[in-house]
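# Fold and geometry: a report
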Amino acid sequence: MNLNNVIAIRTAKTIYRDGVKTIKVFDADYSKADVLNEALNHARVEETGLNIPRFIEVSKIDGKWAIVTEFIAGDTLAELMKKYPEKLDEYLEMFVDLQMKVHSKTCPMLTKLKDKMNRKMSEADISEATRYDLHTRLESMPKHNKVCHGDFNPSNIIVTESGIPYIIDWAHATQGNASADVARTYLLFCLDGDKELAEKYIDLFCKKSGTEKKYVQKWLPIVAASQSVKGKPEERDFLHGWIDVFDFE
């Protein structure tokens, strides 16, 4: 495989293009189980018929694990939003429609979102009282089995020159309640420093999907707690600010 053309560098991984292939190479100390789980998630989601790059193989390159998928030429939706700010509303509509399409699918073999969140909250640096309250709230939430991306943001959507969107990066995919996935996307916009866009996004999603905004907001402390066990220190501080926000007017 040709690893001369770097197209992106992420935490603990580097992504290359080799002709018609994308090669995601993980750091040497990256968990083998996490690599294989990501590959399995991708293969399973591909079977739902969603528009995602075709999975090719899992490989090892110089002792490092790698996932090989079809290369999709185009700009990310995040790049397009910055390049053409006058089209922001149009791009946001596309973004929400794509997320709703993801949520319209089921994939019974994916990890259950509630199980994953319970595990993450058990690892979170929070008081026992807060942990108990969050576990209790999570158990009270309706059980759904919709495909949830887990990291749905504009940088994980590639739009081809002909306008066809592809959704990438299925490492965090689960099955569960779509509103948890929406809460995660809302927090991602906030983490990126764009609270205004976060509000536009959540309002548009709730309007198009017929979801009560308060219902999505009830997920925010749970999602924040489950995400606070990883990431940069400043992100953890931000997420901890949401954990104690239990009720919205």
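Reference entry: report on the structure contained in this document. In this text, all values refer to a predicted model and were calculated from it rather than measured experimentally.

To continue, consider the overall build of the protein. Each helix and strand in the protein was counted, giving 10 helices and 10 strands. Computed over C-alpha atoms, the radius of gyration of the protein comes to 18 Å, within 12% of the 18 Å expected from 2.2 N^0.38 for 249 residues, which places it in the range of a compact globule. Its C-alpha atoms put the protein at 55 × 40 × 35 Å along the principal axes. In the protein, of all internal contacts separated by at least 6 residues, the share reaching a separation of at least 24 is 64%. Surface exposure of the protein reaches about 12,800 Å², of which carbon and sulfur atoms provide 48%.

Our next topic: helix H1 (residues 32–46). Under the 1.5 Å per step criterion, the end-to-end length of H1 is 21 Å for 15 residues, consistent within 8% with the ideal 21 Å. Val35, Glu38, Ala39, Asn41, His42 and Val45 are the residues of H1 that are buried. Angularly, the buried residues of H1 cover 155° about the axis, an arc narrow enough to put them on a single face. Its buried side turned inward, H1 meets strand E3 (21–26), strand E4 (55–61) and strand E5 (64–70). The N-cap of H1, judged by a side-chain oxygen 3.3 Å from the amide nitrogen of Ala33 a few residues on, is Ser31.

In terms of residue burial, E3 counts as a mostly covered element, since 5 of its 6 residues are buried. Across 6 bridges, the pairing between strand E2 (residues 13–18) and E3 is antiparallel. Bridged to Arg17 within E3 is Thr22. Hairpin geometry of E2 and E3 is characterised by an intervening segment of 2 residues between the two adjacent antiparallel strands and by a positive phi of about 65° at Gly19. Across 5 bridges, E3 lies against E5 in antiparallel orientation. For Val25, the partnering residue across the bridge sits in E5 and is Ala66.

Across soluble globular proteins, nonpolar side chains have a tendency to be buried as a group. Counting 54 residues, the largest nonpolar core has Trp170, Tyr186, Tyr201 and Trp219 as its most contacted members. For Tyr201, the residues in contact, after removing those within four places along its chain, are Leu92, Phe95, Val96, Gln99, Val182, Thr185, Tyr186 and Phe189. Core analysis: the second largest hydrophobic core is formed by 6 residues, Ile23, Val25, Ala66 and Val68 among them.

Pairing in this open sheet of 5 strands is antiparallel, and the strands run E1-E2-E3-E5-E4 from one edge to the other. Since the sheet does not close on itself, it has two edges, and those belong to strand E1 (6–10) and E4, each with one partner. Neighbour-to-neighbour, the strand axes of the sheet open up by a mean angle of 20°, direction not taken into account. Sitting on the sheet, H1 touches E3, E4 and E5, and the angle it makes with E5 is about 15°.

Taken as a whole, this structure holds 10 salt bridges when the rule is applied. Between Glu199 and Lys195 there is a salt bridge whose closest N-O contact spans 2.7 Å. Of this pair, Glu199 and Lys195 both sit in helix H7 (residues 195–209), 4 residues apart, which is roughly one turn of that helix. Since its relative accessible area comes to 23%, Glu199 is described here as partly exposed. Owing to a relative accessible area of 43%, Lys195 belongs among the partly exposed residues under this scheme.

Moving on, we come to the packing of aromatic side chains. Counting across every chain of the model gives 7 aromatic pairs. Here Phe189 and Tyr201 contribute two aromatic rings whose centre-to-centre distance is 5.5 Å and whose plane-to-plane angle is 55°, an arrangement assigned as tilted. Of this pair, Phe189 sits in helix H6 (residues 178–191) while Tyr201 is found in helix H7, placing the two residues 12 residues apart along the sequence. Assigned by exposure class, Phe189 and Tyr201 land together as buried.

Moving on, we get to the packing of H6 against helix H10 (residues 233–243). Two elements in contact, H6 and H10, have axes separated by 11 Å at closest approach and are oriented at 130°. By the criterion of interaxial angle, the relationship of H6 to H10 is oblique. Crossing of H6 against H10: the hand is right-handed. Between H6, through Tyr186, Leu187, Cys190 and Leu191, and H10, the contact on the second element is made entirely by Glu235, Phe238, Leu239 and Trp242. Its residues placed into classes, the contact of H6 with H10 shows 7 nonpolar, no polar and 1 charged.

Criteria and thresholds
Residues numbered from 1 in each chain as written. Predicted model: local features only at pLDDT ≥ 70, side-chain atom pairs only at ≥ 80, totals over all residues. Heavy atoms only, no water. Helix = DSSP H or I, 4+ residues; strand = E, 2+ residues; numbered from the N terminus. Rg over C-alpha atoms; globule rule 2.2 N^0.38 Å. Contact = heavy atoms within 4.5 Å. Areas by Shrake-Rupley, 256 points an atom, 1.4 Å probe, with all protein chains shown as cover. Expected span 1.5 Å × (residues − 1). Buried < 20%, exposed > 50% of the residue type's maximum accessible area, 1.4 Å probe, protein only. Arc of directions from axis to C-beta. Polar contact = N/O pair within 3.5 Å; in protein donor to acceptor, adjacent residues only side chain to side chain. Pairing = 2+ DSSP bridges. Core = buried A, V, L, I, M, F, W, Y, C linked by side-chain atoms within 4.5 Å. Axes fitted to C-alpha atoms, helices over the stretch in contact; angles between N-to-C directions. Salt bridge = Lys/Arg side-chain N within 4 Å of Asp/Glu carboxyl O. Phe/Tyr/Trp six-rings, centres within 6.5 Å; stacked < 30°, edge-to-face > 60°. Parallel < 35°, antiparallel > 145°, perpendicular 65-115°, else oblique. Left-handed = near helix turned anticlockwise from the far one by under 90°. Nonpolar A, V, L, I, M, F, W, Y, C, P; charged D, E, K, R; others polar.

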